[in-house]
2 protein chains.
Amino acid sequence: MTKPQFKKIIIFGAGLIGGSFALALRKAGMAGEAVGFGRSSATLEQAKHLGILDRIGTDVAAEVGDADIVLIATPVAQMADIFTRIAPHLGKHTVVTDGGSTKCDVVEAARRRLGAKVAQFVPAHPIAGAEKSGASAAQADLYQGKKVVLTPMPENTAEAVARVREAWEQCGAVVSELTPQQHDEVFAAVSHLPHLLSYALVHDLARRENRDLLLSFAASGFRDFTRIAASSPEMWRDICMANRNALLDELERYMEELGILHEALAEADAGKLEEIFSLARSVRANWSQQ
Amino acid sequence: MTKPQFKKIIIFGAGLIGGSFALALRKAGMAGEAVGFGRSSATLEQAKHLGILDRIGTDVAAEVGDADIVLIATPVAQMADIFTRIAPHLGKHTVVTDGGSTKCDVVEAARRRLGAKVAQFVPAHPIAGAEKSGASAAQADLYQGKKVVLTPMPENTAEAVARVREAWEQCGAVVSELTPQQHDEVFAAVSHLPHLLSYALVHDLARRENRDLLLSFAASGFRDFTRIAASSPEMWRDICMANRNALLDELERYMEELGILHEALAEADAGKLEEIFSLARSVRANWSQQ
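A quick note: this is a predicted structure, and the numbers were derived from the prediction, not measured.

J.: Is there a simple way to think about the interface of chain B and chain A in this case?
T.: It is common to give the size of an interface as the accessible area lost on bringing the parts into contact. With 84 residues of chain B at the contact, the number on the chain A side is 83 residues. Both sides together, the interface formed by chain B and chain A hides about 8400 Å², and carbon and sulfur atoms give 71% of it. A salt bridge links Arg208 of chain B to Glu250 of chain A; the shortest N-O distance between them is 2.7 Å. Taken together, the connections running from chain B to chain A amount to 30 residue pairs in polar contact (both at pLDDT 80 or more). Elements with a contribution of two residues or more to the side of chain B that touches chain A: β7 (147-150), α7 (180-206), α8 (211-216), α9 (220-225), α10 (233-242), α11 (244-266) and α12 (270-286) of chain B. Of all the elements, α7 of chain B adds the most residues to the side of chain B that touches chain A, at 17 residues. Split into classes, the residues belonging to the side of chain B that touches chain A amount to 50 nonpolar, 14 polar and 20 charged.

What follows is the structure in structure tokens.
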């Protein structure tokens, strides 16, 4: 049995996520031609210049029929339109995946826009740092050892899931599977809530008269706690809106947790504070990023 | 005018803070003999072995009379007892400083225990990372370029403040001054609250049945946000208790801030979310640790 090959790959959005996918597949010897589409012709030109793309696509209808794999790596808000554009033209053997940070909303859009061809779409969330963005930040080893979560749907064929898994694995990723619902709940807890909390702290300080004094004494604890508050406001607005229900649940749990801490402080209950801090410390100290 | 010399320095607690102070003054050619006291004879022996201390003190009464400077670098909870032990024996020209993370409680203890000699005590808070601790973590350049906040009291003589400032500056620190009250308010906002919030997030996750699943998908945002949740529970219990009132004020402000975010999410107010995230991002991106 020979390895599946991706002779023609199509990338919507040739930035960090899309560009790195193309470079990684190429480096693994799995990619033939890479064709790019996107809103920004400057990004596409740059991606071509950097060797990420072989060609800039001009006609979606003409390109997707014989593509082996399509990656949609645009902001989630643009994905529904792209599904509509590719749906009538998708070849029988073309598989589609994406790089969105939320999955229930993408799955819902895919079901509405792709119709029966939704079976060919296997949603994915690559967990790769997004401090930098754009084609110039793309790199062949971005996914090396990083997690990619697939959230297959009942409609998917086993073959489509296997081919999309193969593509991400060839990028060097460690692939796991969750349902779309599980995915959104997990990431509300470990990613979306921390971003919200970090933005909230900086915003609270930002509105004060003495903010310059306060910030002049902020040190390494503040630096790390608030690093994610420098993330893209537009991207995080969209993620929070897309995963609103799960995030509201998490925020409410967290506000209850703060209520417990408030009570312990108000009552000068040192034992309770130490109990909370000790459990947290032990769990955090034993955790290591995989 | 010759530089003031510290021919004899006394360190209570020869760990990261105390040990680095002794090493830094020695490296600057400002320290003569370094004598250490502390609860742990193992730490003191190690500090002597590492060249931090020349001698391990056995009799506080006999040692402090001719000391030029005394640094109290123990947990804040032990400082009141040390003030009581040194008070009757402090030489006329001996200055005293400390390394505590809270200041109003230390000032209050100093006033009660040192009596008239409180004029010789100039409180300090060195802002130096405490991920490592113990004598083995001490290093001569720990304070190089780091902030040290002095919180002088009305009782202090200008000469005592100048000598303590000189000692910290010779360690390489950038010295600034706040009142004890200002200090505790500033650090409640930029340090104590973030620690509390980080502990709260990990504690919230730690108590869940699916915590291993959740933590297996946590990535670099979570890693940085929760780094400070691996700090010493005992130390942070004491800091939170010592600065309880200012911290309660900050926690209540933050809970109001979360209330605003909760409302924006519940009402699907994308514009409000973006406004909050954008202000936070711009302030955080323009901040740089000094």
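On we go.
J.: Quick question: what am I supposed to make of the relation of the copies chain B and chain A here?
T.: Both copies of the chain are related by a screw-like operation: a rotation about an axis and a shift along it. Rotating chain B by 180° about the axis while translating it 0.0 Å along that axis superimposes it on chain A, leaving an RMSD of 0.0 Å. Such a combination of rotation and displacement between the chain copies is what one expects of a two-fold axis. Minimal C-alpha distance to the rotation axis in chain B is attained by Phe225 of chain B, lying at 2.1 Å. Comparing interface residues between copies, 99% of those in chain B also sit at the interface in chain A, which points to an isologous, same-surface contact.

J.: Would you explain the domain arrangement of chain A in this entry?
T.: Residues and elements named next belong to chain A. On domain assignment, one finds that chain A holds domain 1 (6-178) and domain 2 (182-286). Put simply, the middle of domain 1 and the middle of domain 2, counted by C-alpha atoms, are 32 Å apart. Opposite the 12 residues of domain 1 that make contact, domain 2 presents 12 residues. Summed over both partners, the interface of domain 1 with domain 2 buries about 960 Å², with 68% contributed by carbon and sulfur atoms. Viewed at the interface, domain 2 and domain 1 are joined by 0 salt bridges. Counting every contact that joins domain 1 to domain 2 gives 3 residue pairs in polar contact (both at pLDDT 80 or more).

Rules used throughout
- Residues numbered from 1 in each chain as written.
- Chains lettered and ligands numbered in written order.
- Predicted model: local features only at pLDDT ≥ 70, side-chain atom pairs only at ≥ 80, totals over all residues.
- Heavy atoms only, no water.
- Contact = heavy atoms within 4.5 Å.
- Buried area = accessible area lost by both parts, 1.4 Å probe.
- Salt bridge = Lys/Arg side-chain N within 4 Å of Asp/Glu carboxyl O.
- Polar contact = N/O pair within 3.5 Å; in protein donor to acceptor, adjacent residues only side chain to side chain.
- Helix = DSSP H or I, 4+ residues; strand = E, 2+ residues; numbered from the N terminus.
- Nonpolar A, V, L, I, M, F, W, Y, C, P; charged D, E, K, R; others polar.
- Least-squares fit on C-alpha atoms with pLDDT ≥ 70 in both.
- Domains from an automatic or database assignment.

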